[in-house]
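A structural walkthrough
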Amino acid sequence: MGGFEAVILAGGAGTRLRSVVSDLPKPMAGVAGRPFLAYQLDYLVASGASRLILSVGYRREKIMEHFGDRYAGVPVSYVVEEEPLGTGGAIRESLRAVCGESALILNGDTFFPVDLNGMLRALHAGDCGLVMAVKELFRFDRYGTVVMAEGRITGFRERGLCERGYINGGIYAVTKAITTLFPDRQTFSFEADFLEQQVGRIGVVPFCSNAYFIDIGIPEDYQRAQRELPLQGRIKR
């Protein structure tokens, strides 16, 4: 399967990175001389994306000027948040720009090169409204964990020291129909106000992957990305 549309949430300000990154949108933080977002887009193009939709807000001109309307031959569109809408509001607006009935959604501050086409196959093969990429981690306290039973995600546990568990990897394959279950307000969190509240109604299937995972949201992991991401993520074109 190829030719999918991908939404990348790239509107974050990167407040926690201010000590190491200048006044840039978080996805534009430099990693080994390239914007972090470029590694994501390389991965999407190599996986068969036919259209890239960037949800942008804070200092959006930095992203728009750098990437323009095409990347590696793939059309790039922008959905602009004039005011912060939260992850949920940004996803709702971005899904309105999707031409087909399904799309992939990725967080602009994480790199997790899972089998995207496999996620889409799982979405279309099963009786579900959403497929979530999950990653098994060991001895961590930065992330909450997902609860799984009988091939479904059934709930979420808040962050805390965990010896072993699966985390939400920040990549979703969705049908546009899920927006009918979104909260009736403009600004909301996709994770807290939608996924956690509606997990039993949506039908959420986990897509487990042991692929490399990096989240640049804090300075320590941003510095780790400088060393690791060029080796793991740069896809030659």
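Presented here is a report on the structure given in the accompanying data block.

Rules of the game
- Residues numbered from 1 in each chain as written.
- Predicted model: local features only at pLDDT ≥ 70, side-chain atom pairs only at ≥ 80, totals over all residues.
- Heavy atoms only, no water.
- Buried < 20%, exposed > 50% of the residue type's maximum accessible area, 1.4 Å probe, protein only.
- Helix = DSSP H or I, 4+ residues; strand = E, 2+ residues; numbered from the N terminus.
- Pairing = 2+ DSSP bridges.
- Salt bridge = Lys/Arg side-chain N within 4 Å of Asp/Glu carboxyl O.
- Phe/Tyr/Trp six-rings, centres within 6.5 Å; stacked < 30°, edge-to-face > 60°.
- Lys NZ or Arg CZ within 6 Å of the ring centre and 35° of its normal.
- 1 Å grid on protein atoms, 1.4 Å probe; cavity = no way out; pocket = protein on both sides within 12 Å on 5 of 7 lines; lining within 4 Å.
- Points joined across faces, edges and corners; volume = space filled by probe spheres on them.
- Expected span 1.5 Å × (residues − 1).
- Bend = angle between axes of the 7 residues up to and from the residue.
- Contact = heavy atoms within 4.5 Å.
- Axes fitted to C-alpha atoms, helices over the stretch in contact; angles between N-to-C directions.
- Core = buried A, V, L, I, M, F, W, Y, C linked by side-chain atoms within 4.5 Å.

Bringing the pairing of strand 7 (residues 102–107) into the picture now. Buried residues dominate strand 7, accounting for six of its six residues. By the alternation rule, side chains of strand 7 split into Ser102, Leu104 and Leu106 and Ala103, Ile105 and Asn107, which are all buried. Sheet topology note: the strand 7/strand 12 (residues 162–175) ladder contains five bridges and is antiparallel. Across the sheet, residue serine 102 finds its bridge partner in strand 12, namely threonine 175.

With the rule as written, the count across this model stands at 14 salt bridges. Among the salt bridges present, the one from aspartate 215 reaches arginine 142, with a minimum N-O distance of 3.3 Å. With aspartate 215 in strand 14 (residues 214–215) and arginine 142 in the loop between strand 9 (130–140) and strand 10 (145–149), the pair connects residues that are 73 residues apart, well separated along the chain. Arginine 142 sits in the buried class, given a relative accessible area of 17%. One network of salt bridges, with partners in common, ties together Arg142, Asp215, Asp221, Arg224 and Glu228.

Take the packing of aromatic side chains next. Under the definition given, this model contains nine aromatic pairs. Summarising the aromatic geometry, the rings of tyrosine 43 and phenylalanine 111 are spaced 5.6 Å apart at their centres and angled 65° between planes, so their arrangement reads as edge-to-face. Separated by 68 residues along the polypeptide, tyrosine 43 in helix 1 (residues 36–47) and phenylalanine 111 in strand 8 (residues 110–111) bring together distant segments of the chain. Arranged with centres 5.4 Å apart and planes meeting at 85°, the rings of phenylalanine 112 and phenylalanine 213 form a pair that is edge-to-face. With phenylalanine 112 in the loop between strand 8 and helix 4 (116–125) and phenylalanine 213 in the loop between strand 13 (204–208) and strand 14, the pair connects residues that are 101 residues apart, well separated along the chain. For the pair phenylalanine 112 and phenylalanine 213, one class covers both residues: buried. Three or more aromatic residues joined by ring pairs make a cluster, and in this case those are Tyr172, Phe182, Phe188, Phe190 and Phe194. Note that arginine 34 overlies the ring of tyrosine 39, its terminal NZ or CZ placed 4.8 Å from the centroid.

With that out of the way, let us pick up empty space enclosed by the protein. Here the structure, examined in full by the defined rule, presents one cavity of 30 Å³ or more. Computed from the structure, the largest cavity encloses a volume of approximately 40 Å³. As for the largest cavity, its lining consists of Gln40, Tyr43, Leu106, Asn107, Thr110, Phe111, Phe112, Gly169 and Ile171. Elements supplying a minimum of two residues to the lining of the largest cavity: helix 1, strand 7, strand 8 and strand 12.

Glancing now at helix 5 (residues 190–202). Between its first and last C-alpha, helix 5 extends only 13 Å over 13 residues, short of the 18 Å set by a 1.5 Å rise per residue. At glutamate 196, helix 5 shows its largest kink, close to 35°. Three or more residues of helix 5 are buried, namely Phe190, Phe194, Leu195, Gln198, Val199 and Ile202. The elements touched by buried residues of helix 5 are helix 3 (86–96), strand 9, strand 11 (152–157), strand 12 and strand 13. One or two residues past the end of helix 5 sits glycine 203, with phi positive at roughly 85°.

Here we come to the sheet that holds strand 7. Taken together, eight strands build an open sheet; the order of strands is 5-6-4-1-7-12-9-13 and the sheet is mixed. In this open sheet, the two strands that pair with only one neighbour each are strand 5 (70–71) and strand 13. Pairing analysis gives four bridges linking strand 1 (residues 4–9) to strand 7, with the strands arranged parallel. Opposite isoleucine 8, over in strand 7, you have leucine 106 as the bridge partner. Here helix 3 sits on the sheet and contacts strand 1, strand 4 (49–56), strand 6 (74–80), strand 7 and strand 12; the angle it forms with strand 1, its principal contact strand, is near 150°.

Looking now at the nonpolar core. Among the nonpolar cores identified, the biggest contains 53 residues, and Leu41, Leu44, Leu52, Val114, Leu116, Met119 and Ile171 are the most heavily contacted of them. Examining the composition of this core, we find that eight residues originate from one element, helix 1, more than from any other. Apart from the residues lying within four places of it in its own chain, the contact partners of leucine 44 are Phe4, Ala6, Ile8, Ala49, Leu52, Leu106 and Leu116. The next biggest cluster of nonpolar side chains, apart from the first, holds 26 residues, and it includes Val79, Leu130, Val174 and Phe190.

Bringing the pairing of strand 11 into the picture now. Sheet topology note: the strand 10/strand 11 ladder contains five bridges and is antiparallel. Residue pairing in the sheet places alanine 149 in a bridge with arginine 152 of strand 11. Between the end of strand 10 and the start of strand 11, which pair antiparallel, lie two residues, with glutamate 150 showing a positive phi angle near 50°.

Function cannot be inferred from these measures alone, as they are strictly geometric.
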